[in-house]
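# Close look at the chain arrangement
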Amino acid sequence: MSSQTAPSRTKRVTAPEIQARKGQTPLVVLTAYTTPMARIMDPHCDILLVGDSLGMVIHGLPNTIGVTMEMMILHGQAVMRGAEKAFVVIDMPFGSYEAGVEQAFANAVRLLKETGAQAVKLESGPTVADTIRYLTARGIAVMGHVGLRPQAVNVDGGFKAKGRTEAERQKVIKEAQDSEAAGAFSIVVEGVAADLAGEITRLVRIPTIGIGASADCDGQVLVTDDMLGLFDWTPKFVRHYADLRTEIGTAVESYAKDVRARSFPAPEETYFAK
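What comes next concerns the included structure. (Residues numbered from 1 in each chain as written. Predicted model: local features only at pLDDT ≥ 70, side-chain atom pairs only at ≥ 80, totals over all residues. Heavy atoms only, no water.)

## Side note on the nonpolar core
Worth spelling out the cut-off: What makes a nonpolar core is a set of buried Ala, Val, Leu, Ile, Met, Phe, Trp, Tyr and Cys residues whose side-chain atoms join them at distances within 4.5 Å. Each residue is placed in one exposure class: buried if its accessible area under a 1.4 Å probe, protein chains only, is under 20% of its type's maximum, exposed if it is over 50%, and partly exposed if it falls in between. Secondary structure elements are defined from DSSP: runs of H or I of at least 4 residues count as helices, runs of E of at least 2 residues count as strands, and each element is numbered from the N terminus. Contacts: residue pairs with any heavy atoms within 4.5 Å of one another.
Of all hydrophobic cores here, the largest spans 57 residues; its most connected members are Leu 48, Val 88, Leu 111, Val 120, Leu 122, Leu 135 and Ile 200. Looking at this core element by element, the count peaks at 6 residues for helix 4 (residues 69-82). For Val 88, the contacting residues outside a window of four places in its chain are Arg 12, Leu 48, Val 50, Val 79, Met 80, Ala 83, Ala 117, Gln 118 and Ala 119. Grouped together as the second largest cluster of nonpolar side chains are 16 residues, Val 13, Ile 47, Val 89 and Ile 209 included.

In structure tokens form, the structure reads like this:
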């Protein structure tokens, strides 16, 4: 027997396959942070995004600013243990790529090496196109991100939709085109008006993945916990496909009632001496 680990029999989606989906059947994308959830979602999704939204969803932070490389690596490793088919993208957290291309390369390499993910995602900004170009030239697949930028929450004064003025609209379009020209294989378009999302999708030759950006995009992504109804409040663009907050609360209430009544554990759930 070889000491090498046997390769998975499931063929994983690749970046060129994602790129080839431009204008085809829409890409299905959801966030993933844990092994069990990755296993459940993997058969249904083209891409699993280990988003820095984990800071808010899993760790209770007020925004994504406090997310660290260590947090992204920990959750990236967990997702890769559960995903066999989907293409896995991992967010580069705030502060891990803005200082320069060499910092970005070192941190991107660390994320991919320590997690096994296939690509990184960077939010747009004045210098991000240069960073994307530098990373892709060195063998790193990059997903862009334009429109609403959660990592810029302190500059923007909150989570605000983008492209509502002509100047802002042109800025978002340029960032999308620059990301494509720099070598990104796809772009997340977040929190923009439908007509702007449609225009960006027509102008770039790589898939656009919308979140709060209309059905005109080449795919859609949601924060899974939002879609499953685990929070009291969710953004306007979220559709609830379940109400797990209520279901979990009901289950826990029933468990607590059974424990206090000493009806759990019952004999069938108890070990006895032989």
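That was the structure; now back to the text.
## Here's the deal with the pairing of strand 1 (residues 27-31)
In plain terms, the rule: The rule for pairing is simple: two strands pair if DSSP sees at least two bridges between them.
Where burial is concerned, most of strand 1 is hidden: 4 out of the 5 residues are buried. Sheet topology places strand 1 next to strand 8 (residues 219-222); 4 bridges connect them, and they run parallel. Bridged to Leu 27 within strand 8 is Gly 219. Pairing of strand 1 with strand 2 (residues 47-50) involves 3 bridges; the strand directions are parallel.

## Let's talk about the side chain of Asp 42
Definition in use: Under the counting rule used here, the positive set is Lys and Arg, the negative set is Asp and Glu, and His together with the chain ends is not counted. A carboxyl oxygen of Asp or Glu within 4 Å of a side-chain nitrogen of Lys or Arg is what we treat as a salt bridge. Polar contacts, as counted here, are pairs of nitrogen or oxygen atoms within 3.5 Å of one another; within protein the pair requires one atom able to donate a hydrogen and one able to accept it, and residues that are adjacent in sequence qualify only if both atoms are side-chain atoms.
In this fold, Asp 42 is placed in the loop between helix 2 (35-41) and strand 2. The side chain of Asp 42 sits in the buried core without any salt bridge; Arg 12 is the nearest counter-charge, 5.1 Å away. A polar contact is formed between the side chain of Asp 42 and the backbone nitrogen of Glu 84, at a distance of 3.1 Å. For Asp 42, the contacting residues outside a window of four places in its chain are Leu 48, Gly 82, Ala 83, Glu 84, Lys 85 and Ala 86.

## Details of the environment of Arg 39
Secondary-structure assignment places Arg 39 in helix 2. Judged by relative accessible area, which is 52%, Arg 39 ranks as exposed. Along the chain, Arg 39 and Met 80 lie 41 residues apart, while their C-alpha atoms are 9.3 Å from each other. Apart from the residues within four sequence positions on either side, Arg 39 is in contact with Arg 81 and Gly 82.

## Quick look at the pairing of strand 2
Burial of the side chains of strand 2 extends over both faces: Ile 47 and Leu 49 are buried on one face and Leu 48 and Val 50 on the other. Relative to strand 3 (residues 87-91), strand 2 is paired through 4 bridges, and the arrangement is parallel. From the neighbouring strand, Leu 48 faces strand 3, where its bridge partner is Val 88.

Scope: geometric values only; no functional claims are made or implied.
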